[in-house]
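# Secondary and tertiary structure notes
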Amino acid sequence: MVLIIVPPGKADPLQSEANWDLEHLAVEYCRGPLQRPIASGPDRRIVCFDGWIDDGMNLSTIHDLQYGGLFVVRSFGGQAATAMTLSRLLRDRHAAVVVYDYCMAACASFLLISSDQAYVTSGSIVAWRVVDDLRTDCVSVGDAEDGRGKRLRRISCPDTSSEQEQKSRAAIRAEQAFYAERAVKPQFEGPPDSPYTRRMVKNLYDQFGIYSRVAWTLNPRYDVFFKTKIIYEAYPASQDDVDALAARHRLGKVIYDP
């Protein structure tokens, strides 16, 4: 398969909302028999990422991505620190992010808003969680920084060692610094949510007394949170649509934001 990519800001803008040919070609290429989780495409104008975001993974392929290229991603999530490092590399290259199938947790929190533009192809789920790894983090209910009531927050678990608690606090500070660069308003608190999904996640926690790793989508009208321009080819139409997509990709419980 021959893939020709016109970098953004060169001959033409990368894409308009009405023309998805380039994104579909890029996704088709990245679905092919490539090295996982990271592979470089022709002329270093595309990088495909398909897999878990691991601590200490080799990101040299990203260093080779041309300015204005494409980063095509499908990921369940992974390590926040690695995702933030990867996000900064993509921002330095002004890469456009293209999501297909699913972009969960750290993928949604960090990779989606890596650069100037992100494109979510039809039939894809982008979803966030409060906590991705219950082995190292716990949750509590607290007042939201934006003043919109109570929300679940990630905290250090009570029975963790002092060393692990320091690491957890440092990780939270690193994420706050990351969002200070990427969010439009300084009072933004990640992960992003809407009044509806915030209430639904908190109600589940109140009902069962435990955090069940539930994820949630975010209606595109809330993309104004970020400096990144995020364009959905087709945001899911209902909870039933989200349930079907989540079942297909084994994503667990995902709350639809109407």
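From a predicted model like this one, the values you see are computed outputs, not experimental measurements.

Reading the values: the criteria
Within any chain, residue numbers begin from 1 and follow the written order of that chain's sequence. In keeping with the model being predicted, local features are shown solely for residues with a pLDDT of at least 70 and side-chain atom pairs are shown and tallied solely at 80 or more, while totals for entire chains, interfaces and linings include all residues. Neither water nor hydrogens contribute to the side-chain values; these are computed over all heavy atoms in the structure. Helix and strand labels come from DSSP, where a helix needs a run of H or I of at least four residues and a strand needs a run of E of at least two; each type is numbered from the N terminus. To estimate the expected span of a helix, subtract one from its residue number and multiply by 1.5 Å. Burial status follows relative accessibility: with a 1.4 Å probe on protein chains alone, a residue under 20% of its type maximum counts as buried, one over 50% as exposed, and anything between as partly exposed. Contact criterion: two residues are considered in contact whenever any of their non-hydrogen atoms come within 4.5 Å of each other. Confidence scores per residue from the predictor, reported as pLDDT, run from 0 to 100. Following DSSP output, two strands are said to pair if at least two bridges run between them. The definition of a right-handed crossover adopted here requires that, viewed with the strands pointing away, the path from the first strand over the helix to the second runs clockwise. Nine residue types can take part in a nonpolar core, namely buried Ala, Val, Leu, Ile, Met, Phe, Trp, Tyr and Cys, and a core is a set of them joined through side-chain atoms within 4.5 Å. Any N or O atom pair separated by 3.5 Å or less is treated as a polar contact, with the protein-specific requirement of one donor-capable and one acceptor-capable atom, and with residues adjacent in sequence counted only for side-chain atom pairs.

## Concerning helix H3 (residues 80-92)
Each α-helix turn comprises 3.6 residues. Residues three or four places apart therefore point the same way. Here H3 spans 18 Å end to end across 13 residues, near enough to the 18 Å set by a 1.5 Å rise per residue. Considered for burial, the residues of H3 that qualify are Thr82, Ala83, Met84, Leu86, Ser87, Leu89 and Leu90. Buried positions along H3 lie against strand S2 (46-50), helix H2 (60-63), strand S3 (70-75), helix H4 (106-111) and helix H5 (162-182). One or two steps after H3, the chain reaches His94, where phi turns positive at roughly 50°.

## Details of the confidence of the model for the chain
A residue-level look at the chain finds 91% of positions with pLDDT of 70 or above and a mean pLDDT of 88. Counted against residues more than four places away or in other chains, residues 4-16, with its pLDDT under 50, gives 26 contacts.

## Observations concerning the pairing of S3
Taking burial as the measure, the 6 residues of S3 include 6 buried ones, the bulk of the element. What you see with S3 is no split at all: Leu70, Val72 and Arg74 on one side and Phe71, Val73 and Ser75 on the other are buried throughout. Relative to S3, S2 runs parallel, the two being bridged by 5 bridges. Bridging across to S3, Ile46 finds its partner in Leu70. As paired strands, S3 and strand S4 (residues 96-104) are joined by 5 bridges and run parallel to one another.

## With respect to the pairing of S4
Regular strands place side chains that alternate from one sheet face to the opposite one. For S4, the tally of buried residues reaches 9 of 9 residues, placing the bulk of the element in the interior. Each parallel crossover has a hand, and the one from S3 via H3 to S4 is right-handed. As paired strands, S4 and strand S5 (residues 117-120) are joined by 3 bridges and run parallel to one another. Each bridged residue has a counterpart across the sheet, and for Val98 the counterpart in S5 is Tyr119. The pairing of S4 with strand S6 (residues 125-127) spans 3 bridges and is parallel. Bridge pairing links Tyr102 to Ile125 in S6.

## Here we look at the side chain of His249
Within the secondary structure layout, His249 lies in helix H7 (residues 239-249). Of the residues examined, His249 reaches a relative accessible area of 14% and is grouped as buried.

## A short note on the nonpolar core
Judged by nonpolar contacts, the single largest core of 62 residues is most densely connected at Phe71, Met104, Ile125, Val126 and Val254. If near-sequence neighbours (up to four positions away) are discounted, Ile125 is found in contact with Asp101, Tyr102, Cys103, Met104, Thr217, Val242, Leu245, Ala246, Leu251 and Val254. Ranked by size, the runner-up nonpolar core spans 15 residues in total, among them Val27, Cys30, Leu70 and Val72.

## Observations regarding the environment of Lys150
Looking at where Lys150 falls in the secondary structure, it is placed in strand S8 (residues 150-156). Taking relative accessible area as the criterion, Lys150 reaches 42% and is therefore assigned partly exposed. Between the C-alpha atoms of Lys150 and Lys202, which are 52 residues apart in sequence, the distance is 8.0 Å. Those residues in contact with Lys150, other than ones at most four positions away along the chain, are Val141, Gly142, Asp143, Arg198 and Lys202. A polar atom in the side chain of Lys150 sits 2.9 Å from the side chain of Asp143.

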